[in-house]
Amino acid sequence: STWQEPNTPDKVLDGVTDASVSRWSGFGDGATLTLTLAARQKIGALNLSTFEGTVRRALFDIETSDDDGATWTRVFSGSSSGTTSDLERIALTPS
């Protein structure tokens, strides 16, 4: 993972949904965040909020890896809505 201080990866799943208080951020195109699940799971959607989500869209890709962490499949490529700072449901293409 890459990050921009003080918005470190541990703040992704800290339970705080107000992105003005707690968030992860990476610097520009190519910033990455890798999450490892405790067990293999099928993931159909993610809920996420974006900083200043009512005034700008965040562009991002979501990729998954089976077991090896070396082979990745893109399951989403797009943006947040740009209309809310609340959680948004992002549907993922099954892989």
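A quick note: this is a predicted structure, and the numbers were derived from the prediction, not measured. (Residues numbered from 1 in each chain as written. Predicted model: local features only at pLDDT ≥ 70, side-chain atom pairs only at ≥ 80, totals over all residues. Heavy atoms only, no water.)

Asks: When you look at the overall build of the protein in this model, what are you seeing that I'm missing?
Replies: Assigned secondary structure in the protein consists of 0 helices and 4 strands. Shown N-terminal to C-terminal, the secondary structure of the protein runs as helices and strands in the order β-β-β-β. For 95 residues, the compact-globule formula gives about 12 Å, and the C-alpha radius of gyration of the protein, at 13 Å, lands near that figure. Overall, the C-alpha framework of the protein stretches about 35 × 25 × 25 Å when taken along its three principal axes. Counting across all 95 residues of the protein, residues that qualify as buried make up 19%. In the protein, once contacts between residues fewer than 6 apart in sequence are set aside, the share between residues at least 24 apart is 47%. Accessible area of the protein: about 6900 Å², with a carbon and sulfur share of 51%. Both charge centroids of the protein, one from 8 positive and one from 13 negative side chains, sit 4 Å from each other. (Helix = DSSP H or I, 4+ residues; strand = E, 2+ residues; numbered from the N terminus. Rg over C-alpha atoms; globule rule 2.2 N^0.38 Å. Buried < 20%, exposed > 50% of the residue type's maximum accessible area, 1.4 Å probe, protein only. Contact = heavy atoms within 4.5 Å. Areas by Shrake-Rupley, 256 points an atom, 1.4 Å probe, with all protein chains shown as cover. Lys, Arg positive; Asp, Glu negative; His and termini not counted. Charge placed at Lys NZ, Arg CZ, Asp CG, Glu CD.)

Asks: When you look at the nonpolar core in this model, what are you seeing that I'm missing?
Replies: The tendency in soluble globular proteins is for nonpolar side chains to be buried as a group. Ranked by size, the top nonpolar core spans 6 residues in total: Phe60, Ile62, Val75, Phe76, Ile90 and Leu92. If near-sequence neighbours (up to four positions away) are discounted, Phe76 is found in contact with Phe60, Asp61, Ile62, Ile90, Ala91 and Leu92. (Core = buried A, V, L, I, M, F, W, Y, C linked by side-chain atoms within 4.5 Å.)

Asks: Help me understand the pattern of salt bridges in this model?
Replies: Where charged atoms from two side chains of opposite charge come close, those side chains can pair. One pass over the full model with this rule turns up 4 salt bridges. Between Glu52 and Arg56 there is a salt bridge, and its shortest N-O distance comes to 4.0 Å. The closest approach of N and O atoms between Asp61 and Arg74, which form a salt bridge, is 3.5 Å. Of the two residues, Asp61 sits in strand E2 (residues 59-64) while Arg74 sits in strand E3 (residues 73-79), which places them 13 residues apart along the sequence. For Arg74, a relative accessible area of 48% puts it in the partly exposed group. Taken together, the shared-partner salt bridges in this structure form one network comprising Asp61, Glu63 and Arg74. (Salt bridge = Lys/Arg side-chain N within 4 Å of Asp/Glu carboxyl O.)

Asks: Would you mind going over unusual backbone geometry with me for this structure?
Replies: Glycine aside, a negative phi is what most residues show, and trans is what most peptide bonds show. Even without a glycine there, the phi angle at Glu52 is positive, about 55°. Within the secondary structure, Glu52 is located in the loop between strand E1 (45-48) and E2.

Asks: It is not clear to me how the side chain of Ser80 should be interpreted in this structure. Could you clarify?
Replies: Position of Ser80 among the secondary structure elements: in the loop between E3 and strand E4 (88-91). A polar contact is formed between the side chain of Ser80 and the backbone nitrogen of Ala58, at a distance of 2.8 Å. Those residues in contact with Ser80 that sit more than four places away from it in its chain are Thr50, Arg56, Arg57, Ala58, Phe60 and Glu88. (Polar contact = N/O pair within 3.5 Å; in protein donor to acceptor, adjacent residues only side chain to side chain.)

Asks: For this particular structure, what's the right way to read the packing of aromatic side chains?
Replies: Centre distance and the angle of the planes are the two values used to describe a pair of aromatic rings. Evaluated as defined, the whole model comprises 1 aromatic pair. Residue placement shows Arg23 over the ring face of Phe51; its charged tip is 3.7 Å from the ring centre. (Phe/Tyr/Trp six-rings, centres within 6.5 Å; stacked < 30°, edge-to-face > 60°. Lys NZ or Arg CZ within 6 Å of the ring centre and 35° of its normal.)

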